[in-house]
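# Fold and contact review
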Amino acid sequence: MTNANRNYPMDEWLRLYQCMWAARRLEEVATDLARRGEIYFHLGGDGHEATAALALALRPEDWLHPHYRDIALMLARGLPVAAFVHAWYATDLAATRGRDMPPFQCDPDLHLMPMPTLVGNNALHAVGVAAQVCHHPARPIVYCGIGDGGSQQGEFLEAIAEAVRSRLPVLFFVQDNRYALSTPTAGRTWYHRPDGPADEFYGLPIVRIPGPDVFEVARMCQELVSGMRADRQPRLAIFECPRL
C-alpha cells in the first residue's frame, strides 16, 4: 500500500474489498441464473469492481448517476445485496418493481439516481442535477458513469459541452472495457483519434485511470473529486478496464 492510500483506515479497505467481492459474486450468480432461464435478463459488470474505490472520495451529499457496470460502486455507496436479487426477480421490493432492466438500480436516500434504458441520457440528467446543486454550501459533486459504447451517444456529448460551458461539477466517468456489449470499440470513440489517443475533449483534460489497480483508482479519484470541490469544474476520466 502506497503512502497516498494510507489516508484511508484499514477497515475502509476491508469494506471496499467486501463490496468488490460481493459484486463479482453477484455477477457469477446472475449469469448462472440467466443461463438457466430463472431470470430474464442480465447485463454484466465483471472486471469493473475497482469503481468501488470512488466511494472513498464521496460524501453523502454527492449525487450519483451510475452505469449498470457500477455494481461494486453502488454496494460501496450502501445499496444492499438484496436490492439486486429483488431486481432480478422483479419483486415488489425491487426499486422499480420490474419496470426497468434488473441491473438498473436507484435509491433516493443514497442519492443514487434512476438509470435510463438509453444510457446516454443519464449524462443530461447528471448535468441538470449539477446545475441545481452547484452553489450548495456543502459543495457536492455529481458522478456520471457510462460505458465506452454509450459515450458515443449525442446526449453524452451534449452533456459534456453544457457542463464545460456552465462550469458544472460533473465527473464524467467512462468505463472502457473495449466493448459496447459485443461490439469492439477500439479506434471508434471520440478519445481515439487518427493520430493516437486524445488528451482532451471540449477543453477538458482526459484522465486515464488504470481499472485493475484499486489503490491507484482510489488515489486518482480522490484527486479528481478534491479538485472538483475546490474549483466547481467538470472532470473527464476514462476508466480503462479491458476484458480478460
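Keep in mind that what you see is a predicted model, and the values were worked out from it rather than measured. (Residues numbered from 1 in each chain as written. Predicted model: local features only at pLDDT ≥ 70, side-chain atom pairs only at ≥ 80, totals over all residues. Heavy atoms only, no water.)

## Things to note about the packing of aromatic side chains
Selection rule: Two rings belonging to Phe, Tyr or Trp (six-membered ring only in the last case) form a pair when the distance between their centres is within 6.5 Å. Interplanar angles under 30 degrees mark stacking, angles over 60 mark edge-to-face geometry, and anything in between is tilted. Working definition: helices are DSSP H or I runs of at least four residues, strands are E runs of at least two. Numbering for both runs from the N terminus. Think of it in three bands: with a 1.4 Å probe and only protein chains considered, a residue is buried below 20% of the maximum accessible area for its type, exposed above 50%, and partly exposed in between.
Applying the stated criterion across every chain yields a total of nine aromatic pairs. Note on Tyr-8 and Trp-13: the rings are 5.9 Å apart at their centroids and 85° apart in plane angle, and the pair reads as edge-to-face. Ring geometry for Phe-156 and Phe-172: centres 5.6 Å apart, planes at 85°, overall edge-to-face. Residue Phe-156 is located in helix H5 (residues 154-166), and its partner Phe-172 is located in strand S3 (residues 170-176); the two are separated by 16 residues in the primary sequence. We classify Phe-172 as buried; its relative accessible area is 0%. Linked through ring pairs, Phe-156, Phe-172, Trp-190, Tyr-191, Phe-201 and Tyr-202 together constitute an aromatic cluster.

## Comments concerning the pairing of strand S9 (residues 204-210)
Defined as follows: Here, a strand pair is defined by DSSP locating no fewer than two bridges between the strands. Place the viewer so that the strands point away; then a crossover is right-handed whenever the path from the first strand over the helix to the second strand goes clockwise.
Of the pairings in the sheet, the one linking strand S8 (residues 200-201) to S9 comprises two bridges and is antiparallel in character. Across the sheet, residue Phe-201 finds its bridge partner in S9, namely Leu-204. In sequence, S8 turns back onto S9 through a hairpin of two residues, with Tyr-202 there showing a positive phi of about 55°. At this point the chain moves from S9, through helix H6 (residues 214-231), to the parallel strand S10 (residues 235-240), and the crossover so formed is right-handed.

## Digging into the side chain of His-48
Selection rule: Any N or O atom pair separated by 3.5 Å or less is treated as a polar contact, with the protein-specific requirement of one donor-capable and one acceptor-capable atom, and with residues adjacent in sequence counted only for side-chain atom pairs. Should any heavy atoms of two residues lie within 4.5 Å, those residues are considered in contact.
Relative to the helices and strands, His-48 resides in the loop between helix H1 (10-35) and strand S1 (63-65). Within the local environment of His-48, its side chain forms a polar contact with the side chain of Gln-175, the two groups lying 2.9 Å apart. Among the polar contacts made by the side chain of His-48, one reaches the side chain of Asn-177 at a distance of 3.3 Å. Those residues in contact with His-48, other than ones at most four positions away along the chain, are Arg-69, Gln-175, Asn-177, Phe-239 and Cys-241.

## Some remarks on the packing of H1 against helix H3 (residues 81-89)
Applied cut-off: Structural elements are reduced to axes, namely lines fitted to C-alpha atoms, with helices fitted over the stretch in contact, and the angle between N-to-C directions of any two is expressed from 0 to 180 degrees. Should an angle lie under 35 degrees it is considered roughly parallel, over 145 roughly antiparallel, and from 65 to 115 roughly perpendicular; all remaining angles are considered oblique. By definition, any crossing whose near helix is turned counterclockwise from its far helix by less than a right angle is left-handed, and any crossing with a clockwise turn is right-handed. Gly is put with the polar residues, along with every residue not named as nonpolar or charged; the nonpolar set is Ala, Val, Leu, Ile, Met, Phe, Trp, Tyr, Cys and Pro, and the charged set is Asp, Glu, Lys and Arg.
Relative to each other, H1 and H3 sit at 15°, their axes nearing to 11 Å. As summarised for this structure, H1 and H3 are arranged roughly parallel, according to the angle between their axes. Judged by the twist between their axes, the crossing of H1 over H3 is right-handed. On H3, the residues that touch Ala-22, Leu-26, Val-29, Ala-30 and Leu-33 of H1 are Val-81, Phe-84, Trp-88 and Tyr-89. Across the contact of H1 with H3, the residue classes break down as nine nonpolar, no polar and no charged.

## With respect to empty space enclosed by the protein
Heads up, the condition is: Cavities and pockets were defined on a 1 Å grid built over protein atoms only: a cavity is a set of grid points that admits a 1.4 Å probe from which the probe cannot escape, a pocket is an open set flanked by protein on both sides within 12 Å along at least five of seven lines, and lining residues are those with an atom within 4 Å of any such point. Grid points are joined across faces, edges and corners, and a volume is the space filled by probe spheres set on the points.
Considering all chains together, one arrives at three cavities of 30 Å³ or more under this definition. Quantified by volume, the largest cavity comes out at close to 70 Å³. Contributing to the lining of the largest cavity are 12 residues, with Ala-87, Ala-94, Thr-96, Asp-100 and Met-101 lying nearest its centre. Of the residues contributing to the lining of the largest cavity, the split by class is eight nonpolar, three polar and one charged.

## Brief notes about the sheet that holds strand S2 (residues 142-147)
The six strands are arranged S1-S2-S3-S10-S9-S8 in an open sheet whose pairing can be described as mixed. Looking along the sheet, the strands with just one partner apiece sit at the ends: S1 and S8. Its contacts with the sheet put helix H4 (residues 121-133) on S1, S2 and S3, and the angle it makes with S2 is roughly 170°. Strands in contact with H6 are S3, S9 and S10; relative to S9, the strand with the most contacts, it is inclined by about 155°.

## Notes on the side chain of Arg-232
To be explicit about the condition: Note on charges: Lys and Arg go in the positive column, Asp and Glu in the negative column, and His and the chain ends are not counted at all. Salt bridges are counted wherever a side-chain nitrogen of Lys or Arg sits within 4 Å of a carboxyl oxygen of Asp or Glu.
If you trace the backbone, Arg-232 turns up in the loop between H6 and S10. One buried charged side chain, Arg-232, makes no salt bridge at all; its nearest oppositely charged neighbour is Asp-62, positioned 6.8 Å away. One polar contact links the side chain of Arg-232 to the main-chain carbonyl oxygen of Cys-134, over a distance of 3.4 Å. Discounting residues that sit within four places of it in the chain, Arg-232 has contacts with Val-133, Cys-134, Arg-139, Pro-140, Ile-141, Arg-167, Leu-168, Pro-169 and Gly-227.

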